[in-house]
Structures are given as C-alpha cells and as structure tokens.
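Close look at the chain arrangement
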Amino acid sequence: MNVFLAGATGAVGRRLSLLLLADGHAVTGTTRSRAKEAQLRSDGVTPVVVNVFDSQALRDAVVRAKPEIVIHQLTDLAGLLEPGRRDEVLTRNARLRIEGTANLVAAAIAARARRLIAQSIAFAYAEGPEPHAETDPLASGESGSGAVTARGVRALEQAVLNLRGIESLVLRYGRLYGPWTWYDAPTGRGPLHVDAAARAAQLAATRGAPGVYNIAEDDGAVSIAKARRELGFDPAFRLPTPPVN
C-alpha cells in the first residue's frame with residue numbers, strides 16, 4: 001500500500017519507515033529540511049520537503065502521494081531540555097498538534113485516504129487509579145505549561161477521532177527512550193522504547209479498530225491490554241539491526 005508518513009526523519013519516523021518498507025509498502029515521508037532528503041532516499045523513502053503549517057503545500061503533497069494510509073509522527077520538541085526554553089518549546093509543539101494536525105487531516109481527506117494513525121501521549125491522564133485505560137479522562141491542564149500541552153493533545157485527538165469515512169487510530173505513546181531520543185534507558189512511569197513505538201504504528205497500519213490505544217511498557221501506569229489484544233503489540237519489540245545515523 002501507499003503510506004504517507006508525516007515526520008519521517010524523527011526518532012520514531014525513521015525506524016517506522018524501515019518497518020513499513022519491510023512490509024512491502026511504498027512510503028512517502030516528510031521532512032522540513034532539504035538536507036535530509038538524501039537520508040530518506042537512502043532509506044528507500046520518497047522524500048517530500050514541506051512545512052505542515054502551509055496547508056496548501058501539504059495538501060498537494062499528500063494528494064500526489066495517493067496514500068491509502070496517512071501516519072502522523074510529527075513533533076517539534078528540539079531544545080526542550082535546554083535551560084529556560086521549556087515553555088517556548090511546549091507552546092511550539094502544541095501549535096503543531098493543533099494547526100499541523102488539522103492541516104494533515106484535511107490533506108488526508110482530500111487524498112481520500114482509508115486510514116489515519118496519529119501519535120499522542122500516554123502521560124496526559126487526569127489523576128486517578130492506575131493503570132489508566134483509554135477511556136479514562138485526560139488532564140484538564142488548567143494552568144502553566146500543562147495547559148498548553150493539554151490543549152494540544154485534546155485538539156489532536158479530536159481532529160483525528162471525529163472523522164467520517166476514514167478509519168482513525170490514536171496511539172498514546174509512553175515516555176520515549178532509546179536511539180535518537182533524550183534518554184538511553186527508561187525514565188518515569190509508562191516508558192516506551194522508540195523501536196516499540198515504531199512497531200505499534202506499523203501494526204496499526206493494517207490492524208485494529210478505530211479508536212485510542214495506550215502504547216507503553218506494562219509497568220502499571222497505563223493499561224496496554226487493548227493494544228496487545230487488537231494490535232498484537234509487544235513492548236519488548238526491538239529492531240534487529242538499528243539503523244545507522
């Protein structure tokens with residue numbers, strides 16, 4: 001099948017590209033940087049340099065690709081751990097989740113895609129008994145940077161899940177660790193290795209009913225029973241040969 005992967009050069013995106021290509025899919029992947037076109041081509045991906053805030057350019061790119069499946073792996077978190085930049089980065093990432101997601105959804109509709117898969121987060125639940133199921137409420141985030149993140153997450157999920165005519169799945173990822181992330185080892189509750197994150201999206205391309213899925217390690221923070229049952233997800237999954245930078 002034809003797959004349009006938004007965010008193909010990110011920590012999850014590049015590893016996901018390899019898995020999709022191994023399944024025999026034709027992958028068109030986005031990047032914001034012309035410098036990364038060669039990297040995508042070397043991986044076997046058809047590159048598209050596009051700014052997701054340019055709705056017309058994004059629409060044109062997706063329509064040209066004629067995808068049956070559109071996958072949203074976009075984030076904008078560069079500099080998050082730098083002193084004094086947290087609020088700025090979270091605001092920027094929330095804008096991507098709100099405006100970028102809306103543009104990608106509109107493009108998927110225009111391209112008549114059959115399935116849309118989007119990355120969300122599994123550490124945005126309101127306080128309450130654990131493990132959190134997908135039906136538990138998300139935090140309201142009434143003040144500070146938490147409010148910004150909460151608005152972005154809610155906007156992303158509402159834009160994706162309220163579609164008609166497209167099978168829409170939201171993958172709520174745990175806290176990523178592994179190659180090309182900030183952490184080499186699990187940190188915090190509900191961690192998730194980047195390879196397992198990519199594997200979940202690979203599985204969701206052809207499995208699972210529309211809806212929300214927790215994707216994390218089974219440490220009691222969130223329930224992953226639904227993802228195990230419907231997607232065949234295993235948080236222990238690792239790529240046999242990690243790609244080289």
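Computed from a predicted model, the values in this text were never measured in an experiment. Along each chain, the written sequence defines residue order, and numbers are assigned to residues from 1. Note on the predicted model: pLDDT of at least 70 is required for a residue's local features to be given, and 80 or more for side-chain atom pairs to be given and counted; whole-chain, interface and lining totals, by contrast, use all residues. For the side-chain quantities, the full set of heavy atoms in the structure was used; hydrogens and water were omitted.

A run of H or I in DSSP becomes a helix once it reaches four residues, and a run of E becomes a strand once it reaches two; helices and strands are each numbered from the N terminus. Within the secondary structure, R164 is located in the loop between α5 (144-161) and β6 (167-173). On the accessibility criterion, R164 (84% relative accessible area) is exposed. Between the C-alpha atom of R164 and that of I109, which follows or precedes it by 55 residues, the distance is 9.3 Å. Burial here depends on accessible area, computed with a 1.4 Å probe over protein chains only, as a share of the maximum for the residue type. Under 20% is buried, over 50% is exposed, and the range in between is partly exposed.

With that out of the way, let us pick up unusual backbone geometry. P131 follows E130 through a cis peptide bond whose omega is 0 degrees. Along the chain, the position of P131 falls in the loop between β5 (115-121) and α5. Despite not being glycine, R112 shows a phi value in the positive range, around 60 degrees. Positive phi is not limited to glycine here, since W180 has a value of about 70 degrees.

Right, let's get into the packing of helix α1 (residues 11-22) against helix α6 (residues 194-204). At a closest axis distance of 8 Å, the pairing of α1 and α6 adopts a crossing angle of 50 degrees. Comparing their axes, α6 and α1 come out oblique. The crossing of α1 and α6 is right-handed. Each of A11, V12, R15, L16, L19 and L20 in α1 lies in contact with α6, whose residues at this interface are V194, D195, A197, A198, R199, A201 and Q202. Gly is put with the polar residues, along with every residue not named as nonpolar or charged; the nonpolar set is Ala, Val, Leu, Ile, Met, Phe, Trp, Tyr, Cys and Pro, and the charged set is Asp, Glu, Lys and Arg. Broken down by class, the residue content of the contact of α1 with α6 amounts to 9 nonpolar, 1 polar and 3 charged. Only C-alpha atoms enter the line fits that serve as axes; for helices the fit covers just the stretch in contact. Angles between N-to-C directions range over 0 to 180 degrees. Geometric relationships in this document are graded by angle, where less than 35 degrees denotes roughly parallel, more than 145 denotes roughly antiparallel, 65 to 115 denotes roughly perpendicular, and other angles denote oblique. Helix crossings get a hand from a simple test, with the near helix turned counterclockwise from the far one by less than a right angle marking a left-handed crossing and a clockwise turn marking a right-handed one. Whether two residues are in contact is decided by their heavy atoms: any pair within 4.5 Å suffices.

Our next topic: the packing of aromatic side chains. How two aromatic rings sit relative to each other is set out by the distance from centre to centre and by the angle between their planes. For this analysis, a ring pair means two rings from Phe, Tyr or Trp (six-membered ring only for Trp) whose centres lie within 6.5 Å, classed as stacked if their planes differ by under 30 degrees, edge-to-face if by over 60, and tilted for the remaining angles. A complete count under the given rule lists 0 aromatic pairs for this structure. In our convention, an over-ring charge means Lys NZ or Arg CZ found within 6 Å of a ring centre and within 35 degrees of that ring's normal. Here the guanidinium or amino end of R15 rests over the ring plane of W180, the centre of that ring lying 5.2 Å away. Over the aromatic face of Y213 sits the side chain of K226, whose NZ or CZ is 4.6 Å from the ring centroid.

Here the focus is the sheet that holds strand β4 (residues 69-72). The parallel open sheet is built from 7 strands, whose spatial order is β3-β2-β1-β4-β5-β6-β9. Only two strands of the sheet have a single neighbouring strand rather than two, namely β3 (46-49) and β9 (211-215). Across this sheet, the average inter-strand angle for adjacent strands is 20 degrees, counted without regard to direction. Strands are treated as partners if at least two bridges between them are detected by DSSP. Relative to β4, strand β1 (residues 2-6) runs parallel, the two sharing 4 bridges.

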